[in-house]
Amino acid sequence: MDMMAKQTFAIPENVYAETVTLVQHYTDRLFRFRTTRPAAFRFRSGEFVMIGLPNAEKPVYRAYSIASPAWDEELEFFSIKVPDGPLTEHLQKIQPGDTILLRKKATGTLVNDALLPGKRLYMFSTGTGIAPFASLVRDPETYEKFEQVILTHTCRDVAELKYGQDLVQETLNDPLVGEFASGKLIHYPTVTREAFTHTGRITDLMRSGKLYSDLGVPPLDPEVDRGMICGSMAMLKETKEILEACGLVEGANNAPGSFVVERAFVD
Ligand code: A2P
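If you're wondering where the values come from, they're calculated on a predicted model, not measured in any experiment. (Residues numbered from 1 in each chain as written. Predicted model: local features only at pLDDT ≥ 70, side-chain atom pairs only at ≥ 80, totals over all residues. Heavy atoms only, no water.)

## Considering the sheet that holds strand 11 (residues 259–261)
At step 1: Strand order in the open sheet formed by five strands is 9-8-7-10-11, and the pairing between neighbours is parallel. A single partner strand is all that each edge strand has here, and the edge strands are strand 9 (185–191) and strand 11. Going from strand to strand, the sheet's axes swing by 15° on average, the running direction of each strand aside.
At step 2: Both strand 10 (residues 225–230) and strand 11 contribute to a ladder of three bridges, which runs parallel. Bridge pairing in strand 11 links Gly 227 to Phe 259.
At step 3: Where helix 5 (residues 162–173) meets the sheet, its contacts fall on strand 8 (148–155) and strand 9, and the angle it forms with strand 9 comes to roughly 170°. (Pairing = 2+ DSSP bridges. Helix = DSSP H or I, 4+ residues; strand = E, 2+ residues; numbered from the N terminus. Axes fitted to C-alpha atoms, helices over the stretch in contact; angles between N-to-C directions. Contact = heavy atoms within 4.5 Å.)

Here it is as structure tokens:
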């Protein structure tokens, strides 16, 4: 972005302009970035916000899960790079020091409040769908509410798992959250397009029962198990059907249930 664009762009009233503090590229499809956090910006772990760049008079905004927990002094986002994507073709080029636009209101359904109390929380994610869970696994409240937190992450290949692997490692070593997460947080990464410890789509692993036998837990039970789902449209639909077939009921902020789905990222 050139200096002229920066100087002539007027920041709308419902938008924060924040500074990028870190950019990390994982593959040619995935990267994360961190930004400063406005002092007044409040959100619940698991929520999303609209993000844009000050590169046009009418910036393009896209929904992004906030991947950092509510207590973090910075904000983190995990992003795909869409070839010719109206936002991500520019966003993937950001550098520390650049400006990111952030609409002031965060919202979303992948929040602890939208779930009834339970024993075991499953977080089902594919690709960048792990982002809201990156926030929730770093929030002590998640471990106050559940005895076990199972983070499943399915990607095409092993390189795409790196963000989640680092996340889990850092969470367990974190001076604040590590104590809560240790012994409760279980990571179950799988890949679909190369060899790895666990292979296959999470949906197939649930249908075959392999997920449960690998984890050493009983199959989904609506009395004690809770779920959160974030991924592609097809993945959301299939996972939801499996959960419903097991007797789980979809919840929302105003009517907590036994599972929740985030539909903000799909068209
Ligand atoms: P697959 O390799 O069999 O397509 P993407 O990067 O395209 O969003 O996909 C992320 C992961 O989600 C891939 O491992 C992909 O598997 C998997 N996936 C795609 N569709 C579904 C679905 N309907 N249910 C579960 N997993 C899916």
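There's plenty left to go through after this.
## Focus on the domain arrangement of the protein chain
Interfaces are often sized by the accessible area lost when the parts come together.
At step 1: On domain assignment, one finds that the protein chain holds domain 1 (3–103) and domain 2 (112–261).
At step 2: With centres defined by C-alpha atoms, the gap from domain 1 to domain 2 works out at 25 Å.
At step 3: Taking both sides of the interface into account, the surface hidden between domain 1 and domain 2 amounts to around 1700 Å²; carbon and sulfur atoms contribute 57%.
At step 4: Among the residues domain 1 hides against domain 2, the three largest losses belong to Arg 29, Trp 71 and Phe 78. Together they make up 33% of the total.
At step 5: Remark: the boundary between domain 1 and domain 2 carries three salt bridges. (Domains from an automatic or database assignment. Buried area = accessible area lost by both parts, 1.4 Å probe. Salt bridge = Lys/Arg side-chain N within 4 Å of Asp/Glu carboxyl O.)

## Let's talk about the environment of Phe 41
At step 1: Note on placement: Phe 41 falls in the loop between strand 2 (30–36) and strand 3 (48–52).
At step 2: Take Phe 41: its relative accessible area is 1%, and that puts it in the buried class.
At step 3: For the pair formed by Phe 41 and Phe 133, sequence separation is 92 residues and the distance between their alpha carbons is 19 Å.
At step 4: Once residues lying within four places of it in the same chain are set aside, the contact partners of Phe 41 are Tyr 16, Val 49, Ile 66, Leu 75, Arg 103, Lys 104 and Ala 106. (Buried < 20%, exposed > 50% of the residue type's maximum accessible area, 1.4 Å probe, protein only.)

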